[in-house]
Amino acid sequence: MKIISRVSVFPVMPQRITRLYELAFNLWWSWNYTAQELYRTIDSELWDELNHNTVRFLSNVEPAKLEKAAADEEFLKKYDSVLEAFDAYMNPTSTWYKDTYPEYKDKVIAYFSAEFGLHEALPIYSGGLGVLAGDHCKAASDIGLPLVGVGFLYPQGYFIQRINYDGRQEAFYEKIHFSEVPATAAVNAKGEEVVISVDLPGRKVYAKVWKIQVGRVPLYLMDTDVDPNLPSDRDLTARLYGGDHELRIMQEIVLGIGGVRALRALGIAATVYHSNDSHPVFQGLERVRELVQTQGLSFDQAKEAAAASGVFTTHTPVAAGNDVFNHDLVDRYFGSFWPYLGIDRDGFMNLARHDQPWGPGYSMTVLAMRLSNQHNGVSALHGSVSRRMWQWLWPGVDADEVPVDHVTNGIHTQTWLAPELDELYTQYLGADWKERIDDPAMWQAIDKIPDQVLWDIHCRAKKTLIEFLRKRVIQMRVEVGEGTGSVEEAGHIFDENAFTIGFARRFATYKRATLVFRDVARIQKLLGDKKRPVQIVFAGKAHPADEPGKSFIQRVHQISRQEGFEGRIVFLENYDMNMGRYLVQGVDMWLNNPIRPNEASGTSGQKAALNGVPNASILDGWWPEAYNGKNGWAIGEERTYQSQDIQDEADSLALYNLLENDIVPTYFNRDENGLPLGWIKVMKESIKTVAPYFSTRRMLKDYTNKFYISSIKQTLMLSTENYAGAKTLSSWKRAIYDGWNRVAISAKTPAESKLALGQEFKVTAQTFLGQLRPSDVVVEFLMARDDDGNLVNQEIITMELVSGPDQNSLYNYAANVKVSQGGSIVMGVRVLPTHPALTSKHELGLVRWA
Ligand SMILES: *Cc1c(COP(=O)(O)O)cnc(C)c1O
């Protein structure tokens, strides 16, 4: 049959439990295990078989089982309590956001992302970026932030991974039927389904908008598999990260430009537009186009207004993660677009120009930096790396002052926490602990948990993982046609008493999954120790086009089948959020050994730590901020190396030494009751120190306090009275750029070469401003300690205008300064443009030093 339509038919639901439908369509259930338990209780086999998809579950469950549940007192009690909790969540009397920023309670934040990792039943994510986006939305819902998500509902999602007999990764795609997932057609105020369109060369492409409800936050996800699109356009959004550059630019046009049109069609007026990585950043261009077309603004004016609303988070220093398109491609796709912006080809290309070895490129990251005033990396270290990487966009500005800030990633606590620990934390942290996750003081109570209790819960989680793992390995071996003996053997692999290390993440090569095998004999000896056995479980997908990544998988798989390693090393195929939960809750330790500083943040280790699973990690990403010497282990030194080989050697030696001399002995050092007291101490320290700060609750508050609120204020300032503020700011910037050439500054600092700590001294400066006015600039005195060539403890003091202009048109500035630190102190004086409507003082990238 040529299928033209598909619907899910649901059995008749007993009236008493009819709200199971409503619950099925709100992903609130995905982070509330008591809600999931309702479905599991009705038919646990079906629940697992359908990958915990509530909607498929309800359309497939036997009516008799629903009837049985509806007549079961025990079930009804749970049902009522879950729905009571759901109703309370959906209609809160107060939320953090509304209590903190009541004046902005209706200002919508549109959060654009190419992927959203919400739950295994919706495979529209590839890895950490997507899971972060999903966790971002869940936490936004928790704190009452008026956020809406914008992205794609890929009908084939990311691929399903199979490992063949030779250990090679094979990619399969399964079509998701949207009638079988918790999505509904998005509708406008009149109740009509929403279809939007964008222009691609020679045609229009249409996309239908779907809605997924994540607690209080709606996600609007587009799909181009609709009439009257051409067959090839219908497949445009079929897969996440599939295809070549051309497919990528088309997808990004639909995501960014189509995404803004979807919001308009739905009647959603957002104030802030947050791009999660650069894929969606054409949304900024579309907003500029709207302002030029409908408000009569010039390109520069429109750009000011659009950038004020823009927040951009960069997620990786790795080149493959930063799209750069060649100009031919951009000509073809935007040649008919830029005239609507009121600029020419050069203006359009220069906006995102980033020269590459192969020629001039159009960089999505550069475009994102230019079309948003707020930028950030995802850990302190990544912020610093990003400031250096993109410093050239602010040519006059010192690396440390480049306006790229950071907000360290976190995880959505309830999504990743084991149910038994959830109950335990409720008992020890208080019934309202989920409202105070980001409060470090609250977590001190973890120390009160009896060691035996925490250890028993951990051991049960480990047992559950091993059962899961055996089932999966049996299934893998059956799939590739292995013999009965080998399948049977899989039922006994892994030992509950062995020290179990987990390593699961995308198999990008910089993550170095095979590092632990650099010295095969040494690791084999460690694993095979009779008294202190060790085992490692691996999982992760390599991008289908990443051959080196795929060969890492093959190597791990082959070692796992090699004599001497069998039963001690396992590679599990098809890593997803479901498997992720088993792993981070059930292993003893989480291993992370990327090439520093390539791991922008990493979040899987945060999930583990929350569950009492300590990390052993290279000091990269989030770990330098978290590691305190007691809550896990740091592999190697906080440094980078010239040669990859030398770095691999140094890091692997550090890892072996740690395992042999510290980690494994600590784990097996038991008291008379069989408890590893030293290890449990690390577990508790890990929970206490990681759970509060590395939560999305803390992260969302940071995004709000640092970026969203200032973006709202800036947007309001620039847009009121027909964008008067944007017009003023843009003509002011033009005048500054025109006049800056003539600006000059000279200064006098203390003549003495020695000063006493606490001594006061006077600094003076003279500026020549040409056609600029004193109110256009700020003159600053800077002082820092020179620590072997690194400037630390920098102080910036604004100097006062004391007189001017004199007969030579000079202005005099002065400041009284106190020496506040010892050592070799360096000083400087500079003049910068300043304006109240700037988001960052370095927005123009103009500085003149004396
Ligand atoms: C958390 C998570 C990731 C990210 O892991 P990193 O260690 O941060 O790379 C990737 N995939 C899945 C399924 C996850 O749950």
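Source: prediction; values computed, not measured.

**Overview of the overall build of the protein**
Secondary structure assignment for the protein yields 28 helices and 29 strands. Its C-alpha radius of gyration of 29 Å places the protein within 12% of the 29 Å reference for a compact globule of 850 residues. Expressed as lengths along the three principal axes of its C-alpha atoms, the size of the protein is roughly 95 × 65 × 55 Å. With 850 residues in all, the protein has 58% of them scored as buried. A separation threshold of at least 6 residues defines the contact pool for the protein, and within that pool the share at least 24 residues apart is 73%. Per element, the accessible surface of the protein, about 34100 Å² overall, is 49% carbon and sulfur. Distance between charge centroids for the protein: 2 Å, based on 89 positive and 105 negative side chains.

**Details of the site of the ligand**
Taken together, the neighbourhood of the ligand is formed by 13 residues, with Lys511, Gly602, Thr603, Ser604 and Lys607 sitting nearest. At 2.7 Å from an oxygen atom of the ligand is found a side-chain nitrogen or oxygen belonging to Lys511. In the environment of the ligand, an oxygen atom lies 2.7 Å from a nitrogen or oxygen atom belonging to the backbone of Thr603. Of all the elements in the fold, those that place two or more residues in the shell around the ligand are α8 (128-143) and α24 (604-610). Formed jointly, the shell around the ligand draws a minimum of three residues from each of two domains, domain 2 (96-409 + 704-718) and domain 3 (417-692).

**Observations concerning helix α16 (residues 380-389)**
Within α16 the residues assigned to the buried category are Leu381, His382, Gly383, Val385, Ser386 and Arg387. Among the structural elements, β14 (374-377), β15 (405-406) and α25 (623-626) are those in contact with the buried residues of α16.

**Regarding the UniProt feature "domain: DUF3417" (unreviewed entry) in the protein**
Per the UniProt record, the feature "domain: DUF3417" (unreviewed entry) sits at residues 13-122. From the first C-alpha to the last, residues 13-122 spans 24 Å; its make-up is 55% helix and 5% strand.

**Description of the sheet that holds strand β12 (residues 353-356)**
Reading across from one edge, β11-β13-β12 is the order of the three strands in this open sheet, with antiparallel pairing throughout. Only two strands of the sheet have a single neighbouring strand rather than two, namely β11 (324-326) and β12. Each neighbouring strand pair of the sheet contributes to a mean axis angle of 45 degrees, computed without reference to strand direction. Direction of pairing for β11 relative to strand β13 (residues 359-363): antiparallel, over a ladder of three bridges. Opposite Asn326, over in β13, you have Gly361 as the bridge partner. Along the sheet, helix α13 (residues 327-334) contacts β11 and β13; its crossing angle with β11, the most-contacted strand, is approximately 80 degrees.

**Here we look at the environment of Ala600**
With respect to the helices and strands, Ala600 occurs in the loop between β19 (589-592) and α24. Once the C-alpha coordinates of Ala600 and Thr316 are considered, the two residues, 284 residues apart in sequence, prove to be 5.4 Å apart.

**Topic: the packing of α8 against helix α28 (residues 696-739)**
As a packed pair, α8 and α28 sit with axes 9 Å apart at the nearest point and diverge in direction by 80 degrees. Taken together, the axis directions place α8 and α28 in an arrangement best described as roughly perpendicular. Between α8, through Leu132, Asp135, His136, Ala139, Ala140, Asp142 and Ile143, and α28, the contact on the second element is made entirely by Thr696, Arg697, Met699, Leu700, Lys701, Tyr703, Thr704 and Tyr708. Partitioned by chemical class, the residues of the contact of α8 with α28 number eight nonpolar, three polar and four charged.

**Regarding the sheet that holds strand β22 (residues 744-748)**
Across the sheet, four strands lie side by side as β22-β23-β27-β26; this open sheet has antiparallel pairing. At either margin of the open sheet sits one strand with a lone partner, and together these are β22 and β26 (800-803). Direction aside, the axes of adjacent strands within the sheet are offset by 30 degrees on average. Note that strand β23 (residues 760-768) and strand β27 (residues 810-818) share nine bridges and pair antiparallel. Along β27, the bridge assignment pairs Phe761 with Val817.

**A few points about unusual backbone geometry**
Residue Pro228 follows Asp227 across a cis peptide bond; omega there is -5 degrees. Mapped onto the secondary structure, Pro228 falls in the loop between β8 (217-223) and α9 (231-234). Between Gly804 and the following residue, Pro805, the backbone shows a cis peptide bond with an omega angle of 0 degrees. The residue Pro805 is located in the loop between β26 and β27 in this model. Residues other than glycine seldom take positive phi values, yet Glu721 does so here, at roughly 50 degrees. With respect to the helices, strands and loops of the structure, Glu721 is situated in helix α28. The backbone of Asn722 sits at a positive phi, close to 55 degrees, despite the residue not being glycine.

**What to know about the side chain of Arg505**
Note on placement: Arg505 falls in the loop between β16 (499-504) and α21 (520-527). Although Arg505 is buried, it forms no salt bridge, and the closest oppositely charged side chain is Glu599 at an N-O distance of 4.9 Å. Looking at Arg505, its side chain comes within polar contact range of the side chain of Ser604, at 3.4 Å. Excluding residues that lie within four positions of it along the chain, Arg505 makes contacts with Lys511, Ala539, Gly540, Lys541, Tyr575, Trp590, Leu591, Asn592 and Ser604.

**Regarding the nonpolar core**
If you look at the biggest cluster of nonpolar residues, it comprises 178 residues, and the most contacted ones within it are Ile212, Met222, Ile249, Phe282, Leu285, Phe334 and Tyr362. For this core, the element with the highest residue contribution is α28, accounting for 13 residues. With 87 residues, the next largest nonpolar core counts Ile559, Leu591, Leu659 and Ile687 among its residues.

**Notes on the pattern of salt bridges**
Per the stated rule, a full pass over the model turns up 57 salt bridges. In this structure, Arg518 and Glu649 form a salt bridge, with 2.8 Å as the shortest nitrogen-oxygen distance. Placement of the pair is Arg518 in the loop between β16 and α21 and Glu649 in helix α26 (residues 644-668), with a sequence separation of 131 residues. For Arg518, a relative accessible area of 33% puts it in the partly exposed group. What makes Glu649 partly exposed here is its relative accessible area of 36%. Put simply, Asp776 and Arg773 hold a salt bridge, and the shortest N to O gap is 3.1 Å. By relative accessible area, Asp776 is classed as buried at 5%. For Arg773, a relative accessible area of 49% gives the class partly exposed. Within this structure, Arg512, Arg518, Asp645, Asp648, Glu649 and Asp651 form a network of salt bridges that share partners.

**Focus on the domain arrangement of the protein**
When its domains are assigned, the protein resolves into domain 1 (15-90), domain 2 (96-409 + 704-718), domain 3 (417-692) and domain 4 (743-849). Using only C-alpha atoms to locate each centre, domain 2 and domain 4 end up separated by 40 Å. With 13 residues of domain 2 in contact, the opposing surface of domain 4 contributes 15 residues. Contact between domain 2 and domain 4 buries roughly 1000 Å² in total, counting both sides, with carbon and sulfur atoms accounting for 48%. For domain 2, the biggest contributors to the area lost against domain 4 are Asn373, Glu401 and Gln714; these three give 42% of the whole. At the junction of domain 2 with domain 4, the criterion picks out one salt bridge. Note that Glu401 is salt-bridged to Arg830, the shortest N-O span being 2.6 Å. Across the contact surface, domain 2 and domain 4 share seven residue pairs in polar contact (both at pLDDT 80 or more). Broken down by element, the residue count for the side of domain 2 that touches domain 4 peaks at three residues, all from α28. Tallied by class, the residues present in the side of domain 2 that touches domain 4 amount to six nonpolar, four polar and three charged.

Reading the values: the criteria
Residues numbered from 1 in each chain as written. Predicted model: local features only at pLDDT ≥ 70, side-chain atom pairs only at ≥ 80, totals over all residues. Heavy atoms only, no water. Helix = DSSP H or I, 4+ residues; strand = E, 2+ residues; numbered from the N terminus. Rg over C-alpha atoms; globule rule 2.2 N^0.38 Å. Buried < 20%, exposed > 50% of the residue type's maximum accessible area, 1.4 Å probe, protein only. Contact = heavy atoms within 4.5 Å. Areas by Shrake-Rupley, 256 points an atom, 1.4 Å probe, with all protein chains shown as cover. Lys, Arg positive; Asp, Glu negative; His and termini not counted. Charge placed at Lys NZ, Arg CZ, Asp CG, Glu CD. Near = heavy atom within 4 Å. Polar contact = N/O pair within 3.5 Å; in protein donor to acceptor, adjacent residues only side chain to side chain. Domains from an automatic or database assignment. UniProt positions renumbered as here; feature names shortened; annotations may be inferred. Pairing = 2+ DSSP bridges. Axes fitted to C-alpha atoms, helices over the stretch in contact; angles between N-to-C directions. Parallel < 35°, antiparallel > 145°, perpendicular 65-115°, else oblique. Nonpolar A, V, L, I, M, F, W, Y, C, P; charged D, E, K, R; others polar. Salt bridge = Lys/Arg side-chain N within 4 Å of Asp/Glu carboxyl O. Core = buried A, V, L, I, M, F, W, Y, C linked by side-chain atoms within 4.5 Å. Buried area = accessible area lost by both parts, 1.4 Å probe.

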